[in-house]
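Residue-level structure breakdown
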Amino acid sequence: MEITIIGMGKGRKSAPEGGIRWGITRTVLDQDIDLLFDVHTMNANDAFLKRLKICEEKGIKALTAGKIEGYPASEPYPLFQIISEFKCTYFPDSVSYAIAYAVFRGAKKLNLYGVNQSRKLPEYYRNKGGTEYWIGFARGRGIEVNVYGDFTEVCKTYNYKMYGFDFDQGAALSVRDL
């Protein structure tokens, strides 16, 4: 099963149409998705409830921190099943929940678009480690993970160089013999 996960960052509109497409929070406003991850605290503000209503209108589920009364699109994220399966509680953001859920559901390939975790936006950058952890977790289970976008800082060092070598990370991918 191949899954495209679409975040809120630049590059999200480059995600190809078709296939299984999961969105993070506000992607439901401007993307065609099959499942929404809106795993925030249970403090239901107007913007959150609006996203749930849109999910209901589009006929898609929203995985949330718990069932929200009056919003049938909301479905509790299977947190305890995933913790039990993976023995991990490191979930700093909705992207981490989405990747873990994809692994849990048996994905073979993940494509991430608009998952930038840019240092320009501290709210996202501070969660970069969680996204990278779950990417590594997925790859360790043999799942192909691709991170697309010119603006992404996921799986990149602060200066885009490999420690101890004088070339950037992108160039290293094209080198056959080090």
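Residues numbered from 1 in each chain as written. Predicted model: local features only at pLDDT ≥ 70, side-chain atom pairs only at ≥ 80, totals over all residues. Heavy atoms only, no water.

**What about the packing of helix H2 (residues 79-86) against helix H3 (residues 94-104)?**
A pair of packed helices is captured by two measures, namely the crossing angle of their axes and the spacing between those axes. Going by this rule: Lines fitted to C-alpha atoms define the axes, with helix axes restricted to the stretch in contact, and inter-axis angles between N-to-C directions lie between 0 and 180 degrees. Under the DSSP-based scheme used, a helix requires at least four consecutive residues in state H or I and a strand at least two consecutive residues in state E, with every element numbered from the N terminus. For classification purposes, angles smaller than 35 degrees are called roughly parallel, those larger than 145 roughly antiparallel, those between 65 and 115 roughly perpendicular, and all remaining angles oblique. Working rule for handedness: look at the near helix, and if it is turned counterclockwise from the far one by less than a right angle, call the crossing left-handed; if clockwise, right-handed. By definition, residues are in contact when any of their heavy atoms lie within 4.5 Å.
Across the interface, H2 lies against H3 with an axial gap of 11 Å and an inter-helix angle of 70°. By the angle between their directions, the pair H2 and H3 is classed as roughly perpendicular. Judged by the sense of rotation from one axis to the other, the crossing of H2 with H3 is left-handed. Touching Leu 79, Gln 81, Ile 82, Glu 85 and Phe 86 of H2 are Tyr 97, Ala 100, Tyr 101, Val 103 and Phe 104, all from H3.

**Regarding the pairing of strand E1 (residues 2-6)**
For clarity, the cut-off: Using a 1.4 Å probe on the protein chains alone, a residue whose accessible area is under 20% of its type maximum counts as buried, one over 50% counts as exposed, and one in between counts as partly exposed. In this scheme, strands are said to pair when DSSP sees at least two bridges between them.
Of all the 5 residues making up E1, 4 are buried; the element is thus mostly covered by neighbouring parts of the structure. Pairing of E1 with strand E6 (residues 109-113), which is carried by 5 bridges, proceeds in the parallel orientation. When the bridges of E6 are listed, Thr 4 appears paired with Asn 111. Bridge count between E1 and strand E2 (residues 20-24): 4 bridges; the pairing is parallel. Bridge pairing links Ile 3 to Ile 20 in E2.

**Topic: the packing of aromatic side chains**
We apply this condition: Aromatic rings from Phe, Tyr and Trp, with only the six-membered ring used for Trp, were paired whenever their centres fell within 6.5 Å, and each pair was classed as stacked if the ring planes differed by under 30 degrees, edge-to-face if by over 60, and tilted otherwise.
Inspection of the entire model under this criterion finds 16 aromatic pairs. On the basis of an interplanar angle of 65° and a centroid distance of 6.4 Å, the ring pair of Phe 37 and Tyr 77 is categorised as edge-to-face. Taken together, the positions of Phe 37 in strand E3 (residues 35-37) and Tyr 77 in the loop between strand E5 (74-76) and H2 put the pair 40 residues apart, joining distant regions of the chain. Of the two residues, Phe 37 and Tyr 77, both sit in the buried class. Here the aromatic rings of Phe 37 and Tyr 101 are separated by 5.8 Å at their centres, their planes lie at 65°, and the arrangement is edge-to-face.

**A short note on the pairing of E6**
Here E6 lies mainly inside the structure; 4 of its 5 residues are buried. Relative to strand E7 (residues 144-148), E6 runs parallel, the two sharing 5 bridges. Residue pairing in the sheet places Lys 109 in a bridge with Glu 144 of E7.

**Looking at the nonpolar core**
Defined as follows: Buried residues of nine kinds, namely Ala, Val, Leu, Ile, Met, Phe, Trp, Tyr and Cys, make up a nonpolar core once their side-chain atoms join them within 4.5 Å.
Counting 31 residues, the largest nonpolar core has Ile 5, Phe 37, Tyr 77, Ile 99 and Leu 110 as its most contacted members. Elements that contribute at least two residues to this core include exactly E1, E2, E3, H2, H3, E6 and helix H5 (128-140). For this core, the element with the most residues is H3, which contributes 8 residues. Those residues in contact with Ile 99 that lie beyond four places of it in its chain are Ile 5, Leu 110, Leu 112, Thr 131, Trp 134, Ile 135 and Ala 138. Counting 15 residues, the second largest nonpolar core, distinct from the first, contains Ile 6, Leu 36, Ile 60 and Ala 73.

**What about the sheet that holds E6?**
One key point about sheets: their strands pair by backbone hydrogen bonds, in either a parallel or an antiparallel sense. Strand order in the open sheet formed by 7 strands is E5-E4-E3-E2-E1-E6-E7, and the pairing between neighbours is parallel. Only two strands of the sheet have a single neighbouring strand rather than two, namely E5 and E7. Averaged over neighbouring strand pairs, the angle between their axes works out to 25° when direction is ignored. Relative to E5, strand E4 (residues 61-64) runs parallel, the two sharing 3 bridges. By the bridge assignment, Ala 62 is partnered in E5 with Ser 74. Packing against the sheet, helix H1 (residues 46-58) makes contact with E3, E4 and E5, and its axis sits at approximately 145° to E4. Packing of H3 onto the sheet brings it into contact with E1, E2, E3, E4 and E6, and relative to E2 it is tilted by some 155°.

Purely geometric stuff here, so don't read any function into it on its own.
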